[in-house]
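# Structural overview
Below, each chain spelled out in residue letters.
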Amino acid sequence: MMNAKYCLAALTAAVAAPAVATAADKAPDKAPNIVVLLTDDQGYGDLRCYGNPKVSTPNIDRLASEGTRYTDFYAGAAASTPSRAGLLTGRYAERVGVPDVVDDTSDNGIKADELTIADYLKQHGYSTGMFGKWHLGYQPEYMPNRHGFTEFYGLPYSMDMWPFHPAPGHPYRALPLYENETVLEYNPPVDEMTIRLTDRAVDFIRRNADGPFFLYLPYTQPHVPLGVSGKFRGKSGEGLYADVLMEIDWSVGRIVNTIDSLGLADNTLILFTSDNGPWLSYGDHAGSTLGLREGKGTTFEGGQRVPLVARMPGKIAKGKTDSRFFSALDLAPTIIGMADAGMPGKNNNFDGQDVSDILFSGKSAGHKPFFFVYNGQVEAVRDGKYKCVAPHAYRVVTEPGRDGMPGLQIIDGGNTGLALFDLEKDPYEKNDISASNCETTKRLHAMIQEFQKEMDREMQQYKK
Ligand code: MG
């Protein structure tokens, strides 16, 4: 029979052992580093790993082979400003102050009480650095340092919003290049931007290797005016646009190699995507949709479906192609969830949803319907494999430009009636199947009309 003293010791050991194991089980992972690499106006078909044989993008392709490539990922909107607002806040741009593209004369910008990914992560001990194009309002209160970024180097808006715009009737002011809230220079050389932003980003990663950090690198390219350093000019043999893509790819390689050489690969989520489809009116200075319908400024697939490559070894499947759909509005809630960076007492009412089930598990409960909205107009919805398009006018290019000169685009030149597409069979939106799918069309159109009412309420705030 066990004596009382031994029994007590055994009991203590029995209790203590699982207690230690439980503590170890519950020990939080080291907060993950987050890297978002965002190109500007790069098309769905501008990468080798997305099926374009004419471009050379070995570093992005490698990222895809070490992670997952998503075929049905959407930008939050079809133009820079609302797309970036959606990505950074997880909310439709109509709600956050910037429903349409802003420039050097706009009064509006991202609202003071909207929280960006950087705001959330900074509150939870992250270093937050942004290097590149902001485009969410140029006045001091709208700029990155007031919206969660402790470090900023870059432009307040697009590079073509400067005195050298090639088309008449665009009297832009000198384009400032900022370091935090100080203007370093005006009209910086377009050919140097990718290298400069990359150098800054690499330096940021090295300085913050002890982590956690959030790196947001919104490239100014391949948006017009195209620019490339001497090392890449003429290198692709396929024209300036392909040269620019090569240099962006080189940049991605430097970022990824820096992360890997510091031993940070396993604890770093790297996302590579674009803000909207190609600006087709620039002809040979625009990218490719590989056959998807229309481009930037429209809510057809060519305007909003963009590449997404994601890598996090051990967490995201290696070398996989995933066709489940989701959008950039989902990135903020997902990243904030990963970093356990919610803010007590703050309900941010995300439009996006946490898609860690899609990214990390290979299983998913499915995605809620995604609305395609442009400047307050709900033009389409995707639900499962179906996309319902509401009647609306849309931008068409009647004459593509050449060598950096814009061609002719007519803002409301195209018209569509109510239509339904099966994107699994017809990603090109060529075959309207609404007539043979009346119930689905009716249901999705009603959904659009209902969400339109909500957007109409949001748009009231912009009426003066
Ligand atoms: Mg853009």
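What you see is a predicted model, and the numbers here were worked out from it, not measured in a lab.

Procedures and definitions
Residues numbered from 1 in each chain as written. Predicted model: local features only at pLDDT ≥ 70, side-chain atom pairs only at ≥ 80, totals over all residues. Heavy atoms only, no water. Helix = DSSP H or I, 4+ residues; strand = E, 2+ residues; numbered from the N terminus. Rg over C-alpha atoms; globule rule 2.2 N^0.38 Å. Buried < 20%, exposed > 50% of the residue type's maximum accessible area, 1.4 Å probe, protein only. Contact = heavy atoms within 4.5 Å. Areas by Shrake-Rupley, 256 points an atom, 1.4 Å probe, with all protein chains shown as cover. Donors = N, O, S within 2.8 Å, 3.2 Å for Na, K, Ca; no water. Tetrahedral: all angles 85-135°; square planar, octahedral: opposite > 155°, others 65-115°. Phe/Tyr/Trp six-rings, centres within 6.5 Å; stacked < 30°, edge-to-face > 60°. Lys NZ or Arg CZ within 6 Å of the ring centre and 35° of its normal. Pairing = 2+ DSSP bridges. Axes fitted to C-alpha atoms, helices over the stretch in contact; angles between N-to-C directions. Parallel < 35°, antiparallel > 145°, perpendicular 65-115°, else oblique. pLDDT = per-residue confidence, 0-100. Salt bridge = Lys/Arg side-chain N within 4 Å of Asp/Glu carboxyl O. Expected span 1.5 Å × (residues − 1). Arc of directions from axis to C-beta.

## What to know about the overall build of the protein chain
Assigned secondary structure in the protein chain consists of 11 helices and 17 strands. Relative to the 2.2 N^0.38 estimate, which gives 23 Å for 464 residues, the radius of gyration of the protein chain is 23 Å and therefore close to what a compact globule would have. Projected onto its principal axes, the C-alpha positions of the protein chain cover 95 × 55 × 50 Å. Buried residues in the protein chain amount to 57% of all 464 residues. Counting only contacts in the protein chain whose residues sit at least 6 apart along the sequence, the fraction spanning at least 24 positions is 69%. Of the accessible surface of the protein chain, which amounts to about 18,800 Å², a share of 53% is contributed by carbon and sulfur atoms.

## Digging into the coordination of the magnesium ion
Perfect tetrahedral coordination of a metal by four donors corresponds to 109.5 degrees between them, and perfect octahedral coordination by six donors corresponds to 90 or 180 degrees. Only Asp40 (OD), Asp41 (OD), Ser80 (OG), Asp275 (OD), Asp275 (OD) and Asn276 (OD1) from the protein coordinate the magnesium ion, and they sit 2.1 to 2.8 Å from it. Classification of the site at the magnesium ion rests on its 6 donor atoms, whose angles at the metal span 51 to 157°, yielding the label irregular. Taking relative accessible area as the criterion, Ser80 reaches 3% and is therefore assigned buried. Residue Asn276 is classed as buried on the basis of its relative accessible area, which comes to 0%.

## Section: the packing of aromatic side chains
Counting across every chain of the model gives 22 aromatic pairs. Between Tyr44 and Tyr50 the ring centres are 5.3 Å apart and the planes differ by 75°, which places this aromatic pair in the edge-to-face class. The class for Tyr44 is buried, based on a relative accessible area of 11%. For the ring pair Phe370 and Phe372, a centre distance of 5.0 Å and an interplane angle of 70° mean the geometry is edge-to-face. Accessibility expressed as a relative area gives 3% for Phe370, which makes it buried. The aromatic ring of Phe300 is capped on one face by Arg293, whose charged end is 3.9 Å from the ring centroid. Note that Arg305 overlies the ring of Tyr44, its terminal NZ or CZ placed 5.8 Å from the centroid.

## Topic: the pairing of strand β14 (residues 386-389)
Residues Tyr386 and Cys388 line one face of β14 and the alternating positions Lys387 and Val389 line the opposite face, and both faces are buried. Summarising the sheet, strand β13 (residues 377-383) and β14 pair through 4 bridges and their orientation is antiparallel. Within β14, the position partnered with Ala380 by the bridge is Val389. As consecutive antiparallel partners, β13 and β14 are separated by 2 residues, and within that stretch Gly384 has a phi angle of approximately 60°, a positive value. Relative to strand β17 (residues 419-422), β14 runs antiparallel, the two being bridged by 4 bridges. Paired with Tyr386 across the strands is Asp422, a residue of β17.

## So, the packing of helix α2 (residues 58-66) against helix α7 (residues 240-261)
The relative placement of two packed helices is expressed as an angle between their axes plus a distance between the axes. Relative orientation of the contacting elements α2 and α7 amounts to 50°, with a least axis distance of 7 Å. In terms of axis orientation, α2 runs oblique to α7. Residues Pro58, Asn59, Ile60, Arg62 and Leu63 of α2 pack against Asp249, Trp250, Val252, Gly253, Val256, Asn257 and Asp260 of α7.

## With respect to the confidence of the model for the protein chain
When pLDDT is averaged along the protein chain, the result is 93; 93% of the residues meet or exceed 70. Scored below 50 in pLDDT, residues 1-28 makes 2 contacts in the model with residues more than four places away or belonging to other chains.

## Regarding unusual backbone geometry
A cis geometry characterises the amide bond from Gln221 onward to Pro222, with omega recorded as 0°. You will see that Asn375, though not glycine, has its phi angle at about 50°, which is positive. Within the fold, Asn375 resides in the loop between β12 (370-374) and β13. Overall, the relative accessible area of 30% leaves Asn375 in the partly exposed class.

## What about the pattern of salt bridges?
Inspection of the entire model under this criterion finds 33 salt bridges. A salt bridge links Arg311 to Glu66, with the nearest nitrogen and oxygen atoms 2.7 Å apart. Residue Arg311 is located in strand β9 (residues 305-311), and its partner Glu66 is located in helix α2; the two are separated by 245 residues in the primary sequence. The class of Glu66 is partly exposed, set by a relative accessible area of 24%. The partner of Arg382 in a salt bridge is Asp72, with the nearest N and O atoms 2.9 Å apart.

## Describing helix α11 (residues 438-459)
With 22 residues, α11 should reach 32 Å at 1.5 Å per residue; the first-to-last C-alpha distance of 31 Å fits that figure. As for α11, its buried residues are in contact with α4 (93-96), β12, β13, β14 and β17.

## What to know about the sheet that holds β13
In space, the 4 strands of this open sheet follow the order β12-β13-β14-β17, with antiparallel pairing throughout. On the outer flanks of this sheet lie β12 and β17, each paired with one strand and no other. On average, adjacent strands in this sheet sit at an angle of 20° to one another, irrespective of strand direction. Across the face of the sheet, α11 comes into contact with β12, β13, β14 and β17 while running at roughly 135° to β13.

## Regarding α2
Those residues of α2 not exposed but buried are Ile60, Asp61, Leu63 and Ala64. Viewed along the axis of α2, the buried residues span an arc of 155°, placing them on a single side of the element. Against β2 (68-74), α7, β8 (268-274) and β9 lie the buried residues of α2.

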